[in-house]
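Residue-level listing of the chains:
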Amino acid sequence: MPDTPQIRRYFRRRQARGKSVFARILDTAMLLFLLFAALFLALRGRGLRTEHALPLSVVALLFFAVLLLIYRRASLARFIPREMDRLRRQLLQEKLVLIRAEEFARLCRAAAGEAKPLVFQRAEPLGADELLPLLKNARTQRTVCAGAGFTEAAKTLAGRMEKRVRLIDGEALIDAAMRDAALRPGAEEVYAAIEKELLAQKARRRLARALPAAGGSCKKYLIAAALLLLCSFLTRYALYYRMLAGLCATIASARFWLERSAHTPPPS
C-alpha cells in the first residue's frame, strides 16, 4: 500500500494532537498576523515611517514563514518514525494473544533470556492468586511471562518476593518482538491499520451526524452571545462586541434549523 495523501494527513493531524486542517490553518494565520503586528509596531516605535515599516515587516514575515515551513516539515519527518513505532507496538499488543503458542514461547525465551520461563498467553492480566502457587513451589527464582501483563496485586506480591519470581510483562515482550524481524509489523501492515482507522473515524462521524443533536452547541453559542452583549455595555468598543454577539446568535440559529431539518422525517 503506497504512502497516500490520506495517510500523510493522518500523520499531520496526529502531530497536531487531533486539530483539523482548518484549525491548523487558523492557528498559523493568527501566529503570522500577531508577528506582523509586533514587527510593524516595533519598527514604527523606532521612528520609521509607515511606507518604510510596512515593506520591512512583510519581508521579515515572509522570511519567518519560510523558516516555519522548514521547521514543520523537519518536525513531521521526525514524528513519522515515532508514530510508526507506536502503531507497530499497538499492533503487536493485539498479536500477542493471537500468535501460535510456539512463537509466543520463543518470544518469551528471547525476552527472559533463559531457556524455560513460565509462559502465560492470556487475554487478561495474571492475578496474584494465580501467581501464588508458583511462588510456593519455587526453590529458585522463576521467570513468569504474561502477554497481557499482571494485576497490581500480582506486582505487589512479586515485589515482596523478588528472590523467588521475576515478571516479564507485555511491554517487555513487545520490546523483544520489535527486535524480531518475523514478528515486527512492516510498513504495509501499519498503513493498512491507518486506513482501517480512518474508515472507522468516517463511520463514527456519519453516525454522529445521523443522531439527533442534543442542542448543546446552540446553547453555548447563545450563552456566548449573551455574554458579549453584556460586555458591550462595559466598554467603549460596544459596536464590535454587539457584532460578535450577533454572529454567535446567527450561528446558533443556523445550527438549530440545520439540525431540525436533518432530523425531520419527510412528509408521507
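The structure this text deals with has already been given above.
Throughout what follows, the structure given in this document is the object of discussion. Computed from a prediction, not measured in an experiment: that's the story for all the values here. (Residues numbered from 1 in each chain as written. Predicted model: local features only at pLDDT ≥ 70, side-chain atom pairs only at ≥ 80, totals over all residues. Heavy atoms only, no water.)

Concerning the nonpolar core
Threshold: Nonpolar cores are built from buried Ala, Val, Leu, Ile, Met, Phe, Trp, Tyr and Cys residues. Side-chain atoms within 4.5 Å join them into one set. Only protein chains enter the accessibility calculation, which uses a 1.4 Å probe; a residue whose area is less than 20% of its type maximum is buried, one above 50% is exposed, and one in between is partly exposed. Secondary structure counts use DSSP, requiring at least four H or I residues in a row for a helix and at least two E residues in a row for a strand, with both numbered from the N terminus. Every residue pair with non-hydrogen atoms within 4.5 Å of one another is taken to be in contact.
Core analysis: the biggest nonpolar cluster contains 15 residues, and Leu92, Leu96, Phe104, Leu107 and Leu173 have the highest contact counts within it. Going through the elements one at a time, α4 (101–112) and α7 (170–178) are the ones with two or more residues in this core. Among the elements that make up this core, the one with the highest residue count is α7 (five residues). If near-sequence neighbours (up to four positions away) are discounted, leucine 92 is found in contact with Ile174, Ala177, Met178, Leu183 and Pro185. Listed in part, the 12 residues of the second largest apolar core include Phe79, Leu87, Leu91 and Leu198.

Quick notes on a positive patch on the surface
In plain terms, the rule: Patch definition: residues above 30% relative accessible area lacking any salt bridge, with like charges linked at up to 9 Å and the nonpolar side chains Val, Leu, Ile, Met, Phe, Trp and Tyr linked at up to 5 Å. All accessible areas in this document rest on Shrake-Rupley with a 1.4 Å probe, and a residue is counted as covered only by the protein chains that are shown. A pair is scored as a salt bridge if a Lys or Arg side-chain nitrogen falls within 4 Å of a carboxyl oxygen belonging to Asp or Glu. Neither His nor the chain ends is counted toward charge; the positive residues are Lys and Arg and the negative residues Asp and Glu. In plain terms, the charge of a residue is placed at NZ if it is Lys, CZ if Arg, CG if Asp and CD if Glu.
On the surface, Arg8, Arg9, Arg12, Arg13, Arg73, Lys202, Arg205 and Arg206 cluster together into a patch of positive charge. For the positive patch, the elements supplying multiple residues, two or more each, are α1 (5–15) and α8 (187–210). Mapped onto the secondary structure, arginine 13 falls in helix α1.

Examining the sheet that holds strand β3 (residues 165–168)
Paired through their backbone hydrogen bonds, the strands of a sheet run either parallel or antiparallel. Put simply, the rule reads: Only strands that DSSP links by at least two bridges are regarded as paired with each other. To obtain an axis, a line is fitted to C-alpha atoms, over the contacting stretch when the element is a helix, and the angle between two such axes runs from 0 to 180 degrees between their N-to-C directions.
The parallel open sheet is built from three strands, whose spatial order is β1-β2-β3. Looking at strand neighbours, the two that pair on one side only are β1 (118–120) and β3, the edges of this open sheet. Within the sheet, the average angular offset between the axes of one strand and its neighbour, ignoring direction, is 20°. Pairing of strand β2 (residues 142–146) with β3, which is carried by four bridges, proceeds in the parallel orientation. Note on β3: the bridge partner recorded for valine 144 is leucine 167. Contacts from α4 reach β1, β2 and β3, with the element oriented near 130° to β1.

This is a description of form; function is not addressed.
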